[in-house]
Amino acid sequence: MISEFGIILLYFILGFVFVGIALVAAYFIRPSHPNAIKNSTYECGEIPIGEPWVRFNVRFYVIALIFLLFDVEVVFLLPWAIVFKGLGWFAFIEMIIFVVILLVGFAYVWGKGDLDWERPKPYIAKLSDLVIGKKKQ
Amino acid sequence: MMDISDLIKSISLFKPETTLIVTFMLAMILDMAFKKSKNIAGYIAIAGLVIAGIFLFQQTGVNYKAFANLLVIDSFGQFMKFIVLMSSLIIIVFSFFSNELHNAHTKLGEYYTLIIGMTFGMFLLVGSANLIMIYVAIETMSISSYVLAGYTREVKRASEASLKYVIFGAVSSGIMIYGISILFGLTGSLNLFEINQFLSVNNVATLPLLLSGLMILSGFGYKISAVPFHFWTPDVYEGAPVTITAYLSVASKAAGFAVLLRFFKTGLLDSVPGTSEAWQLLGNIDWHYVIAVLAVLTMTLGNLVAVWQTNMKRLLAYSSIAHAGYLLMAVSVMNDNGVSAVLIYFVFYMLMNLGAFFVVQLIANKLDSENIDEYNGLGYRSPVLAVCMTVFLISLAGLPPTSGFIGKLYVFSSVINSGYIWLAIIGVLNSVVSLYYYAKIIRNMYLRDVESAKTKLVFSPVTIAIVLMLAIPSLLFGVYFTPIVEWANYSMNIFVGN
């Protein structure tokens, strides 16, 4: 007899075996003619520049974290909408408090300027820079 | 399904926590509104804590399972919440006088706000009776404390401390939630009361129960810095601002011990009446010995390593590990005597440890160093401060006329009454070791480098008054300790339902 957890384990093993069989079978069936151009990252002829491990700007994370809060707020609103009829005013006030707490946080983030997306200002070379004797700032 | 009357009663008993949330938001908004005032959030935080304290006081004698058994409001929780509340108040006052914080930031609004957030997390942790609630509460307090540990952003070791704290915290809470999932798989419930009922009726396999218990213990052990989980303690305590170090060493530990005791008493204790002599534990595992081994490891390592330290914050970090060991000793006897010993010890530990850290902070303000050698001749450079420091250190070592002695007395007597003589002997030997490094500081203050005594260190009367307000009770409670003991005996009953 297999218990319920045993069935899950069986699925787990089967999943590995299935993928393994597919890969091994493909290895034997497929033609294999590797060359330098074919093995490059972009087969279409694009030559990769630099490392794939680039640093992402930390501002993405700040925005993502703030987004997450309001995402969770919406998730909480859904079950609340279902029980709303039964609980009435009590639930309404409770949710208002919840939303106000989040709004205070939003106001704080806004006031602190964490939502401002400070664009980097790249220096674009002007024609006058090329004039001999004039230095870049 | 919880009914609405339970909800309304729960909310009325949730006033201290609600006050903290309101304080949190007010501090945040008003700090933005009043751009000129540096400490406005701190004043609001103090007002909020005082109001929360009044609401907490009103709950005296209440035993209630709030929010469908998520939180328990009982006198044990009330006692621990008072410890947390008092240390938050004292820490905020300390922060007004901290040079390192004021040099690092022009405004400290977020700092005070986060302290309130951490206090809120600890309030939840002290009361929680549901494994998920315990986890959420631990995370609430941890996330605030990670930020606070690295609050002086420009200081390299503070950032390092914060990062180490986050990594160790993430690992140990990961282990803990895995243990919770195993316990849930075994018993089919996350509620400590239901787990208790299930264990008392059914026979559970010993090995998974032991494993899940140990894993959950690792989460608690991280909070109280018990030995196999203590690695973050010295680095974080050294790197964090002194105020936060002091806060972590007292309040964080109090909340950790509260949840540890509640977990054992509510979750794993046989609820048959008449077992207050020694708690009858469920499930074939002798948790006494598990905790006793932890206690021995914790105090021995803490004391032996503290001997070699030359940085005061590191020394006090190891000493706080050792104190966690003494407290674990009282937990390991697992009876009501042990609980009341833990409570008594915490009151005194709060006074003496916060006091010692405040002196360290004052010295660091003047001399910009936490090295033990800087304390040479302090007895002549600033006599009042040195006398107070001596009181704190003697109290930490646990010698008589101080309150630390009374705390140790109750811990050891609870251990001996339960028949663990060997444990008490190890504890006393450890106290002797600890006396060496505490006495080393006192020797530095009075007997070393007396020439430097010519340059006096002058501290403002307010700071001296604060030190005295901690030192005098440390001495006074060593002689007149009845009120604390009575309060602890009144509060030792953890509400287990029925």
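Residues numbered from 1 in each chain as written. Chains lettered and ligands numbered in written order. Predicted model: local features only at pLDDT ≥ 70, side-chain atom pairs only at ≥ 80, totals over all residues.

**Re the overall build of chain A**
What chain A contains, in helices and strands, is four helices and zero strands. What you see in chain A, going N to C, is helices and strands ordered as α-α-α-α. Radius of gyration (C-alpha) of chain A: 29 Å, far over the 14 Å computed for a compact globule of 137 residues. In terms of overall dimensions, chain A has C-alpha extents of about 75 × 70 × 20 Å along its principal axes. Going through the 137 residues of chain A one by one, you find that 0% of them count as buried. (Helix = DSSP H or I, 4+ residues; strand = E, 2+ residues; numbered from the N terminus. Rg over C-alpha atoms; globule rule 2.2 N^0.38 Å. Buried ≥ 20, exposed ≤ 12 C-beta atoms within 10 Å, placed from the backbone.)

**Here we look at the nonpolar core**
Judged by nonpolar contacts, the single largest core of 173 residues is most densely connected at Leu-125, Val-342, Tyr-345 and Val-359 of chain B. Here this core gets 22 residues from one element, more than from any other, and that element is helix α15 (residues 336-367) of chain B. (Core = buried A, V, L, I, M, F, W, Y, C linked by C-beta atoms within 7 Å.)

**What to know about helix α4 (residues 89-112) of chain A**
With 24 residues, α4 of chain A should reach 34 Å at 1.5 Å per residue; the first-to-last C-alpha distance of 34 Å fits that figure. Positive backbone phi, approximately 85 degrees, marks Gly-113 of chain A, located one or two places after α4 of chain A. (Expected span 1.5 Å × (residues − 1).)

**Some remarks on the environment of Ser-189 of chain B**
All names here are of chain B. Mapping Ser-189 onto the fold places it in the loop between α8 (156-187) and α9 (192-201). The class for Ser-189 is partly exposed, based on 16 C-beta atoms found within 10 Å. C-alpha of Ser-189 to C-alpha of Asn-130: the two residues are 59 residues apart in sequence and 9.1 Å apart in space. Sequence-distant contacts of Ser-189, that is, excluding residues within four places in its chain, are made with Glu-194, Ile-195 and Phe-198. (Contact = placed C-beta atoms within 7 Å.)

**Topic: the confidence of the model for chain B**
Residue and element names in this part refer to chain B. Averaged over all residues, the pLDDT of chain B equals 89, while 95% of them reach at least 70. Considering each helix and strand of chain B separately, the mean pLDDT is smallest for helix α1 (residues 4-13), with a value of 84, and largest for helix α4 (residues 75-96), with 94. For this predicted complex, the interface confidence score (ipTM) comes to 0.73, while the overall pTM stands at 0.87. (pLDDT = per-residue confidence, 0-100.)

**Re unusual backbone geometry**
Residue and element names in this part refer to chain B. Positive phi is not limited to glycine here, since Phe-67 has a value of about 50 degrees. For Phe-67, the location among the structural elements is in the loop between β1 (64-66) and β2 (71-73). Of note, the phi angle at Asn-69 is positive, near 65 degrees, even though the residue is not glycine. Summarising the element assignment, Asn-69 is placed in the loop between β1 and β2.

**Considerations on the interface of chain B and chain A**
Chain B puts five residues into the contact, and the matching count from chain A is five residues. Per-element tally for the side of chain B that touches chain A: the top contributor is helix α2 (residues 15-33) of chain B, with four residues. Counted by class, the side of chain B that touches chain A contains five nonpolar, no polar and no charged residues. (Nonpolar A, V, L, I, M, F, W, Y, C, P; charged D, E, K, R; others polar.)

**Describing the environment of Leu-301 of chain B**
All names here are of chain B. Here Leu-301 is to be found in helix α13 (residues 287-306). Separated by 21 residues in the primary sequence, Leu-301 and Ala-322 place their C-alpha atoms 7.4 Å from one another. Leave out the neighbours within four places in its chain, and Leu-301 touches Val-227 and Ile-321.

**Some points on the confidence of the model for chain A**
Residues with a pLDDT of 70 or more make up 91% of chain A, whose mean pLDDT is 82. Of all secondary-structure elements in chain A, the lowest mean pLDDT belongs to helix α2 (residues 36-39) of chain A, at 78, while helix α1 (residues 4-29) of chain A reaches the highest, 91.

**Digging into the environment of Glu-139 of chain B**
Residue and element names in this part refer to chain B. Relative to the elements of secondary structure, Glu-139 occurs in helix α7 (residues 131-149). Look at Glu-139 and you get partly exposed, because 16 C-beta atoms sit within 10 Å. As for Glu-139 and Ser-159, which are separated by 20 residues in sequence, their C-alpha atoms are 20 Å apart.

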